[in-house]
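Single-letter residue listing:
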Number of protein chains: 2
Amino acid sequence: MRGVVMHAPGDVRVEERADPVLEHPTDAIISITATCICGSDLWPYRGHDRVHNKVMGHEYIGVVTQVGAEVRTLAVGDHVVGSFMTSDNTCEICQAGFQSRCIHTTGMGAIGTQAEYARIPLADGTLVKMPGEPPADLIPSLLAASDVLGTGWFAAVAAEAAPGKTVAVVGDGAVGLLGILAAKQLGADRIIAMSRHADRQALAREFGATDIVEERGDEGVARIKEMTGGYGAHSVIEAVGTQESMEQAIRACRAGGHVGFVGVSHGVSLNGGELFGKTVHLLGGPAPVRRFLPELIQLIWDRKINPGAVFDMTLPLADAAEGYRAMDERRAIKVLLTT
Amino acid sequence: MRGVVMHAPGDVRVEERADPVLEHPTDAIISITATCICGSDLWPYRGHDRVHNKVMGHEYIGVVTQVGAEVRTLAVGDHVVGSFMTSDNTCEICQAGFQSRCIHTTGMGAIGTQAEYARIPLADGTLVKMPGEPPADLIPSLLAASDVLGTGWFAAVAAEAAPGKTVAVVGDGAVGLLGILAAKQLGADRIIAMSRHADRQALAREFGATDIVEERGDEGVARIKEMTGGYGAHSVIEAVGTQESMEQAIRACRAGGHVGFVGVSHGVSLNGGELFGKTVHLLGGPAPVRRFLPELIQLIWDRKINPGAVFDMTLPLADAAEGYRAMDERRAIKVLLTT
């Protein structure tokens, strides 16, 4: 099959890779209908993470083509969405809703779903069946559920976005934008997008942002305070992963408020004294997308949400390298790859 | 009046201080019945915090002797317990239950309650009336409510101690011990005290600890994991405030679990990548004792809890210096001072 390999920072190629095979009786093989490039794929692309001949991609929707002997809930031909982290969905951590930290979890990044096929470990616990064959226009949204929507949703849930609350969103990438969509669905009164890019501001408003703040850092925090009677936001979504964005998120949050952080942390160090003084709830990490998938698939199926709008470029898998370039140069928010 | 002043690390004296006077119409003056020495008073005593001619003490119970013109809920003669942080109890932060971060809060440490009298700012929002004159044997417990009990209670609430949960407690000082008492009251199934001091282990068991772990650091974490099916504790109370204790707390907690940290943070730096990877709920800071005071006073009044057992030494205020020495040398867990 064909699949994406990152040879080195900036060097992405579509190559012939071995077809996946069932390795464990709990595996399934899927034919990938659509996959995409993640903001986190830019960390190695830009040389912030080491990379050498690495298969790429962890987001996917597809059709089951083979199931292992112990797979109980899936059959060949099922249309499925899965999380970017595998999960048995039975251990105590999964049962508590933290499937991304399942005791048997593995990241789909090591398997590389920017490809024609993929092996899905722990298929029963990882994949969720769609109600049927997805209409073509829903494919981007269903794909988004696999990571960016599920991650933005987790951030909004972790930040306890809810009626009566003001939610601030740090980061205007696909995850931040879908955090806005999630906060809106969760009933938040006021959603402040922190963004200085006109195209992203427009999408933020489409997803439910009521206000835009262009200032960053201390100035951004001061604006949020000003807009919230001096208190700060009840809920803050952090969707970047840098020292600056984490500090901005924590400082924009009111005492007793909730920060949900989902930007993959890079070189972040939190001052214990500041955290102690702030007294905010902090929860973050790789999103337990599996927890939310059944609900998200239904919302998409019923056309109540349109998270697929974050994809502003669609390319065939063969042109993946151009997709990486477009995201790196901020010409695209998020690139969908068709197989 | 007489009051404690710390001239320098290790140099505590009881001296003549000016009698407090009403400075704002929302102030009250109380005659202090009992006060005590806090574990956090040892930070400056041991030279870890700078100190120079500082009035000491932030825990207190007493009798109202004067009220300002705008005080509505208190009268001269009322027996009261107050928090170590003042609060208006009306701002949005207070209404959300985070009175220690009230927009008008001040710390009682600047006023210094290791003294015969104290001015209590925002008296209506800070003080809680007892049902009447407290029986002598309840005085230690009521005094504990002012900080150590309220702080341990907050830690247990932040850690979401509840039926069905295993709670690990890092720190066997008065706050950690009362975190155990709180976890027990909140219905936790299993409470693991991390302690290597026999006297504190005994008190931990009296307060409800079901298990003792003497190992610390990575070994302590490994023991907690071993005792919890490999998962880690659902809830962890951190009651020390050092890098080691915070890491121990976060690492002993299962993914999706809750860490409540109340040890005053000293030189702590949390690795963002580790926090991201752990996916634990984190909440801590100065405890909003005021939130819990009405319930805690009632539990004590009804003799359902006996937090006063943490006081293992009682001295007259005049002998405060000996109290500091005893706590510094670990001859006493916590010292009550009578006026």
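Identification of chain A as Zinc-dependent alcohol dehydrogenase family protein from Microbacterium mitrae is taken from an unreviewed UniProt entry. Under Cofactor (unreviewed entry), UniProt gives the following word-for-word description of chain A: "Zn(2+)". On record in UniProt, under Sequence similarities (unreviewed entry), the comment for chain A is "Belongs to the zinc-containing alcohol dehydrogenase family."

Trainee: How should the overall build of chain A be read in this particular structure?
Mentor: What chain A contains, in helices and strands, is twelve helices and 17 strands. Its C-alpha radius of gyration of 19 Å places chain A within 12% of the 20 Å reference for a compact globule of 339 residues. Considering chain A as a whole, with its 339 residues, one finds that 62% of them fall into the buried category. For chain A, the proportion of contacts with a sequence separation of at least 24, taken over those separated by at least 6, is 68%. Accessible area for chain A stands at about 12,100 Å²; split by element, carbon and sulfur atoms hold 49% of it. Taking the average place of the 30 positive charges on the side chains of chain A and the average place of its 40 negative ones, the gap between the two points comes to 4 Å.

Trainee: Where do I start with the environment of Ala-18 of chain A in this structure?
Mentor: Structurally, Ala-18 of chain A is set in the loop between strand 2 (11-16) and strand 3 (28-36). Along the primary structure Ala-18 of chain A and Gly-3 of chain A are separated by 15 residues, whereas in three dimensions their C-alpha atoms are 9.2 Å apart.

Trainee: Please explain the domain arrangement of chain A as it appears in this structure.
Mentor: The accessible area lost on association of the parts is a frequent measure of interface size. All names here are of chain A. What the domain assignment lists for chain A is domain 1 (2-147 + 288-338) and domain 2 (150-284). Between the C-alpha centres of domain 1 and domain 2 the distance comes to 26 Å. On the side of domain 2, 23 residues touch domain 1, which itself brings 25 residues to the contact. Buried surface at the junction of domain 1 and domain 2, both sides included, amounts to about 1,800 Å², of which 69% is carbon and sulfur. When residues of domain 1 are sorted by the area they lose upon contact with domain 2, Trp-43, Arg-330 and Ile-333 head the list and together hold 31% of the total. Run the count over domain 1 and domain 2 and you get zero salt bridges. Taken together, domain 1 and domain 2 are joined by three residue pairs in polar contact (both at pLDDT 80 or more).

Trainee: I tried to follow the sheet that holds strand 2 of chain A on my own but got confused; where do I start?
Mentor: The pairing of strands in a sheet comes from backbone hydrogen bonds and takes either a parallel or an antiparallel form. All names here are of chain A. Overall, antiparallel pairing links the three strands, which are arranged 2-1-4 in an open sheet. Looking at which strands have only one partner, the edges of the open sheet turn out to be strand 2 and strand 4 (54-55). Across two bridges, strand 1 (residues 2-8) lies against strand 4 in antiparallel orientation. Each residue of the ladder has a partner; that of Met-6, found in strand 4, is Lys-54. Strand contacts of helix 12 (residues 320-328): strand 1 and strand 2, with the helix running at about 160° to strand 2, the strand carrying the most contacts.

Trainee: Just to check I follow, could you spell out the pairing of strand 5 (residues 60-67) of chain B for this structure?
Mentor: In summary, the side chains of a regular strand alternate between the two faces of the sheet. Residues and elements named next belong to chain B. Relative to strand 5, strand 3 (residues 28-36) is paired through seven bridges, and the arrangement is antiparallel. Each bridged residue has a counterpart across the sheet, and for Ala-34 the counterpart in strand 5 is Ile-61. Pairing between strand 5 and strand 6 (residues 79-82): three bridges, direction antiparallel. Each residue of the ladder has a partner; that of Ile-61, found in strand 6, is Val-81.

Trainee: Would you mind showing me how to read helix 7 (residues 198-207) of chain B here?
Mentor: Think of an α-helix as 3.6 residues a turn; residues three or four steps apart then line up on the same face. Residues and elements named next belong to chain B. Among all positions in helix 7, only Arg-200, Gln-201, Leu-203, Ala-204 and Phe-207 are buried. Down the axis of helix 7, the smallest arc covering the buried residues is 165°, so these residues share one side. Turned more than 90 degrees away from the buried face of helix 7 sit Ala-198 and Glu-206, all of them exposed. Looking at the packing, one finds that the buried side of helix 7 touches helix 6 (174-185), strand 10 (190-194) and strand 11 (211-213). A positive backbone phi angle near 130° is found at Gly-208, which sits one or two residues after helix 7.

Trainee: How should helix 8 (residues 217-227) of chain B be read in this particular structure?
Mentor: Residues and elements named next belong to chain B. Taken together, the buried positions of helix 8 are occupied by Gly-220, Val-221, Ile-224 and Met-227. The buried residues of helix 8 occupy one face: seen down the axis, they fall within an arc of 130°. Away from the buried face of helix 8 by more than 90 degrees, exposed residues Asp-218, Glu-219 and Glu-226 are located. In the core, the buried residues of helix 8 are packed alongside strand 9 (166-170), strand 10, strand 11, strand 12 (233-238) and helix 9 (243-252). Of the residues trailing helix 8, Gly-229 is marked for its positive phi of about 60°.

Trainee: Just to check I follow, could you spell out the environment of Val-240 of chain A for this structure?
Mentor: Residues and elements named next belong to chain A. Here Val-240 lies in the loop between strand 12 (233-238) and helix 9 (243-252). A C-alpha to C-alpha distance of 8.5 Å links Val-240 and Asp-172, two positions 68 residues apart in sequence. Residues contacting Val-240, with those up to four places away along its chain left out, are Trp-43, Val-170, Gly-171, Ser-245, Gly-263 and Val-264.

What counts as what
Residues numbered from 1 in each chain as written. Chains lettered and ligands numbered in written order. Predicted model: local features only at pLDDT ≥ 70, side-chain atom pairs only at ≥ 80, totals over all residues. Heavy atoms only, no water. UniProt positions renumbered as here; feature names shortened; annotations may be inferred. Helix = DSSP H or I, 4+ residues; strand = E, 2+ residues; numbered from the N terminus. Rg over C-alpha atoms; globule rule 2.2 N^0.38 Å. Buried < 20%, exposed > 50% of the residue type's maximum accessible area, 1.4 Å probe, protein only. Contact = heavy atoms within 4.5 Å. Areas by Shrake-Rupley, 256 points an atom, 1.4 Å probe, with all protein chains shown as cover. Lys, Arg positive; Asp, Glu negative; His and termini not counted. Charge placed at Lys NZ, Arg CZ, Asp CG, Glu CD. Domains from an automatic or database assignment. Buried area = accessible area lost by both parts, 1.4 Å probe. Salt bridge = Lys/Arg side-chain N within 4 Å of Asp/Glu carboxyl O. Polar contact = N/O pair within 3.5 Å; in protein donor to acceptor, adjacent residues only side chain to side chain. Pairing = 2+ DSSP bridges. Axes fitted to C-alpha atoms, helices over the stretch in contact; angles between N-to-C directions. Arc of directions from axis to C-beta.

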